[in-house]
There are 2 protein chains.
Amino acid sequence: MLARELAAPFPTVGLDTDALEAARLLADQDLPGLVVLDDRGRPHSILAGTQVLRFAVPAYVQDNPRLARVIDEKHADVFCDALEGRAVRDVLPSQRRELPVVDGGDTALEIAAIMASTRTPLVAVVDSGRFVGAITLDALFDRLLAR
Amino acid sequence: MLARELAAPFPTVGLDTDALEAARLLADQDLPGLVVLDDRGRPHSILAGTQVLRFAVPAYVQDNPRLARVIDEKHADVFCDALEGRAVRDVLPSQRRELPVVDGGDTALEIAAIMASTRTPLVAVVDSGRFVGAITLDALFDRLLAR
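Residues numbered from 1 in each chain as written. Chains lettered and ligands numbered in written order. Predicted model: local features only at pLDDT ≥ 70, side-chain atom pairs only at ≥ 80, totals over all residues. Heavy atoms only, no water.

Another aspect to go through is the interface of chain B and chain A. Each side of the interface is counted separately: chain B has 53 residues, and chain A has 53 residues. For the pair chain B and chain A, the summed buried surface comes to about 4800 Å²; carbon and sulfur atoms form 64% of the total. Counting the surface chain B buries against chain A, the share from its top three residues, Leu109, Arg119 and Leu145 of chain B, is 17%. Where chain B meets chain A, there are 2 salt bridges. Between glutamate 110 of chain A and arginine 69 of chain B there is a salt bridge; the shortest N-O distance is 3.5 Å. On inspection of chain B and its partner chain A, the count reaches 11 residue pairs in polar contact (both at pLDDT 80 or more). (Contact = heavy atoms within 4.5 Å. Buried area = accessible area lost by both parts, 1.4 Å probe. Salt bridge = Lys/Arg side-chain N within 4 Å of Asp/Glu carboxyl O. Polar contact = N/O pair within 3.5 Å; in protein donor to acceptor, adjacent residues only side chain to side chain.)

The buried fraction of helix 2 (residues 19-28) of chain A is high, at 7 of 10 residues. Residues Ala19, Leu20, Ala22, Ala23, Leu25, Leu26 and Ala27 of chain A constitute the buried set of helix 2 of chain A. Lining the buried residues of helix 2 of chain A we find strand 1 (12-14), strand 2 (33-37), helix 3 (49-53) and helix 6 (88-91) of chain A together with helix 8 (137-145) of chain B. The distance from a side-chain oxygen at the start of helix 2 of chain A to the backbone nitrogen of leucine 20 of chain A is 3.2 Å, and the residue carrying that oxygen is aspartate 18 of chain A. A positive phi of about 50° marks aspartate 30 of chain A, the residue just after helix 2 of chain A. (Buried < 20%, exposed > 50% of the residue type's maximum accessible area, 1.4 Å probe, protein only. Helix = DSSP H or I, 4+ residues; strand = E, 2+ residues; numbered from the N terminus.)

Along the polypeptide, glutamate 110 of chain B turns up in helix 7 (residues 108-118). Overall, glutamate 110 of chain B belongs to the buried group, its relative accessible area being 12%.

This next bit is on the pairing of strand 5 (residues 122-127) of chain A. Residue and element names in this part refer to chain A. In terms of burial, strand 5 is a largely internal element, 6 of the 6 residues being buried. Pairing analysis gives 3 bridges linking strand 4 (residues 101-103) to strand 5, with the strands arranged parallel. Residue pairing in the sheet places valine 102 in a bridge with valine 125 of strand 5. Traced from strand 4 through helix 7 (residues 108-118) to strand 5, the parallel crossover comes out right-handed. Inspection of the sheet shows strand 5 paired to strand 6 (residues 130-136) by 6 bridges, in the antiparallel sense. Bridging across to strand 6, aspartate 127 finds its partner in arginine 130. Hairpin geometry of strand 5 and strand 6 is characterised by an intervening segment of 2 residues between the two adjacent antiparallel strands and by a positive phi of about 50° at serine 128. (Pairing = 2+ DSSP bridges. Right-handed = clockwise from strand over helix to strand, strands pointing away.)

Here you go:
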C-alpha cells in the first residue's frame, strides 16, 4: 500500500487562521494534529497535538515546566486565553523541523519512519506537487494490523 | 480544575503484554498512546503513539529513515510482523525519558507543560501513590476550550 491510497481528506488551517479556532478544530474533531497550508495550498507545517498545545503554554513555562506550579488553579484554567486575537503564523514554533510530508508513492514503512523520526502522528501527502490529504497514525496502524 | 478531576479510566498494558496486542489496542481504540504499568500497578512508561510505532520500525530505519526506501512495497506492508512473539518489555525504548505522570493535585497548566515538554499527548495521574487514570490531550483541550 502506498501513501496515495492511504491519504484521506483532512481538515486544514491557514497561516492567517485564528489560533484559538485552530485549537478548537483539533479539540472538537479529536484530531491528532494540524495541517497548516501556506497561501499556495502547500503544506507549511504539520503539527502534533502537543505542538498545538505549545501555542498557548507561556514561554517561561515551556523553558522550565516547574514554573507552572507557581500559577494558581484559577489562572491555570485560562492560559488558553493567551491565544485570543492571534493567528496561527504568530504561534508556530520558531524552529522549523523536518516536515512530515510524504510523496504519493511512498510505502507504509517510509510513512512509519517519518512519523517515528518527527514524532508526529500525522503526515501530509503530496502527489505531483499537490496536497492530496493526510494519513494519521491510527489509519496507518489500522491498515498494517488488519491482516 | 485539577488532574484528579480530569483523570479518566484508560486501558493499560503490562510489561509482559504481547507487543502486537498492545499495538492493536492502540489502533482499535484510537488511543493517543499507551500506559504501561509495572508489576506493582504503577506507571512504568507512557508512550506516545509514534513511540509505539517504533516498536515495529526496524532499528536501521530508525537510525536512517531514508533506508526505508530500499524496502519494496510488499515487504513494507508487513514490517509489523516483527512484533510477533515479543513482549512490551522487549520493545520499549531503551532510553528512559521523563515520565509524563502528574499528581492528582496538579493544575491544567502543569498537565499542559508536561505534555508539551515530553511531547506525549497523554499523562498518567497518580494520586496518593496510586494510578487513578489518564488525561488525554483531547480531553484537556476540551475542558480548557469549553468556556
